[in-house]
Amino acid sequence: MTAETATTPNARPGQAVLVLEDGTRYVGRAYGATGRTLGEAVFSTGMTGYQETLTDPSYAGQIVLMTAPHIGNTGANDEDMESSRIWVAGFIVREPSRIVSNFRSQRSIDDDLLAGGVVGISGIDTRAVTRRIRSVGALRAGIFSGADFELSDAEQLELVRSGAQMTGLNLSGEVSTSERYELPATTERVGTVAVLDLGVKTSTLEFLAARGFDVVVLPQTTGAAEILALAPDALFFSNGPGDPGASDGHVELLREVLRAGVPYFGICFGNQLLGRALGFNTYKLPFGHRGINQPVLDKATGRVEITAHNHGFAVEAPIDVISESTEGFGRVEVSHYDLNDNVVEGLNCLDIPAFSVQYHPESASGPHDANYLFDRFRDMVMAQQQQNGNK
């Protein structure tokens with residue numbers, strides 16, 4: 001699922017080909033590093049935010065196509081990195097910018113792709129590829145350039161079809177931190193939040209610290225006993241890649257911590273894991289939600305939020321009725337849903353202090369409509385602290 005045989009930054013770009021598992025081929029120009037990469041082809045509808053997309057750990061194992069035709073004109077910088085490296089398996093654009101013109105730019109996106117060994121392709125009809133994925137669903141794919149471009153069509157297709165399917169794939173171990181680390185609260189302290197790093201973004205941690213939390217970031221191998229030994233005021237599950245159906249250990253961890261009465265907030269992958277912990281199933285979407293322009297209805301307020309998404313799986317739950325958790329956690333309601341396709345975008349527990357959303361409220365990149373969810377989390381934790389203090 002990662003790039004192979006990448007060349008040095010001095011290599012001249014030549015031809016490249018994108019091969020989908022259904023045999024469809026698109027010939028263009030090499031972009032970024034040269035070589036071979038395999039992954040699941042998905043598309044992102046954001047017109048900007050490509051650096052945040054590239055460095056979002058949730059995209060591990062995926063070849064990302066940008067539907068906007070012109071990419072790269074604002075360049076890249078250190079401030080907008082959402083992690084320490086690029087995580088996408090490959091990158092597809094219609095037309096890379098020939099110049100970088102933003103005052104915040106420190107380098108071009110081409111520089112980052114080369115430095116990260118990320119194999120990409122440009123100069124193809126990205127509209128046609130997007131329509132293909134929308135018609136048949138997310139597909140395994142490969143980008144071949146340099147010596148790998150000379151492989152026969154049959155050899156390239158065989159390599160693509162031998163790649164891993166995203167369904168059933170657990171990728172948390174590839175993106176999580178290997179060691180615990182901490183960020184202090186940057187405003188009046190509320191308490192400590194334990195963050196299980198399943199592919200967390202830098203902006204998420206900064207927003208938690210800005211709400212008064214001392215943030216303790218933990219490897220995804222951390223067990224429930226270790227978390228409870230920290231006596232945290234709350235637990236947070238981050239976004240991340242892979243199939244939530246392949247994360248049974250994280251589901252059992254969450255159930256144990258919820259039964260201990262610890263308040264919980266989850267986003268993206270963390271929403272799917274809360275759904276499973278409560279007894280709901282998850283399923284793979286045909287082509288997922290990726291971009292910064294997804295309309296979501298907040299049922300509590302009737303407000304439509306324009307939100308940032310990156311998910312290929314979703315929770316299966318009724319959006320119009322209150323359900324009873326089959327795992328003994330009481331009543332659960334769907335709090336948000338997508339207005340494009342009615343996909344569940346949020347869960348709210350009515351009898352325990354826990355809620356989650358499927359999208360990315362940290363706005364990196366994307367609109368700020370959902371930033372209030374961090375305030376809601378802080379308020380929930382403070383209410384629980386007061387309740388515990390009155391007992």
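Residues numbered from 1 in each chain as written. Predicted model: local features only at pLDDT ≥ 70, side-chain atom pairs only at ≥ 80, totals over all residues. Heavy atoms only, no water.

## Brief notes about the pairing of strand 15 (residues 281–298)
Working step 1: Summarising the sheet, strand 15 and strand 16 (residues 303–316) pair through twelve bridges and their orientation is antiparallel. Each residue of the ladder has a partner; that of Gly 291, found in strand 16, is His 309.
Working step 2: Here three bridges tie strand 15 to strand 18 (residues 331–338), and the two strands are oriented antiparallel to one another. Across the sheet, residue Asp 298 finds its bridge partner in strand 18, namely His 336. (Pairing = 2+ DSSP bridges. Helix = DSSP H or I, 4+ residues; strand = E, 2+ residues; numbered from the N terminus.)

## Observations concerning the state of the cysteines
Working step 1: Summed over all chains, the structure comprises zero disulfides.
Working step 2: Here Cys 268 is not disulfide-linked; the sulfur of Cys 349 is the nearest cysteine sulfur, at 18 Å.
Working step 3: Given a relative accessible area of 6%, Cys 349 falls into the buried group. (Disulfide = S-S within 2.5 Å. Buried < 20%, exposed > 50% of the residue type's maximum accessible area, 1.4 Å probe, protein only.)

## Considerations on the UniProt feature "active site" (unreviewed entry) in the protein
Working step 1: When the UniProt feature table is mapped to this numbering, "active site" (unreviewed entry) covers Cys 268, His 360 and Glu 362. What stands out for the annotated residues spanning 95 residues is how close their C-alpha atoms remain, the widest pair being 11.4 Å apart.
Working step 2: You can see Cys 268 is positioned in the loop between strand 14 (264–267) and helix 9 (269–278).
Working step 3: Residues in contact with Cys 268, not counting those within four places in the same chain, are Asn 239, Asn 310, His 311, Val 357, Gln 358, Tyr 359 and His 360. (UniProt positions renumbered as here; feature names shortened; annotations may be inferred. Contact = heavy atoms within 4.5 Å.)

## Let's talk about the pattern of salt bridges
Working step 1: What the rule picks out here adds up to 25 salt bridges.
Working step 2: Across the salt bridge formed by Asp 22 and Arg 132, the nearest N and O atoms sit 2.8 Å from each other. In this pair, Asp 22 sits in the loop between strand 1 (15–20) and strand 2 (25–32) while Arg 132 sits in helix 3 (residues 126–136), placing the two residues 110 residues apart along the sequence.
Working step 3: Classification of Asp 22 as partly exposed rests on a relative accessible area of 30%.
Working step 4: Among the ionic pairs, Arg 255 bridges to Glu 252, the shortest N-O distance being 2.6 Å. (Salt bridge = Lys/Arg side-chain N within 4 Å of Asp/Glu carboxyl O.)

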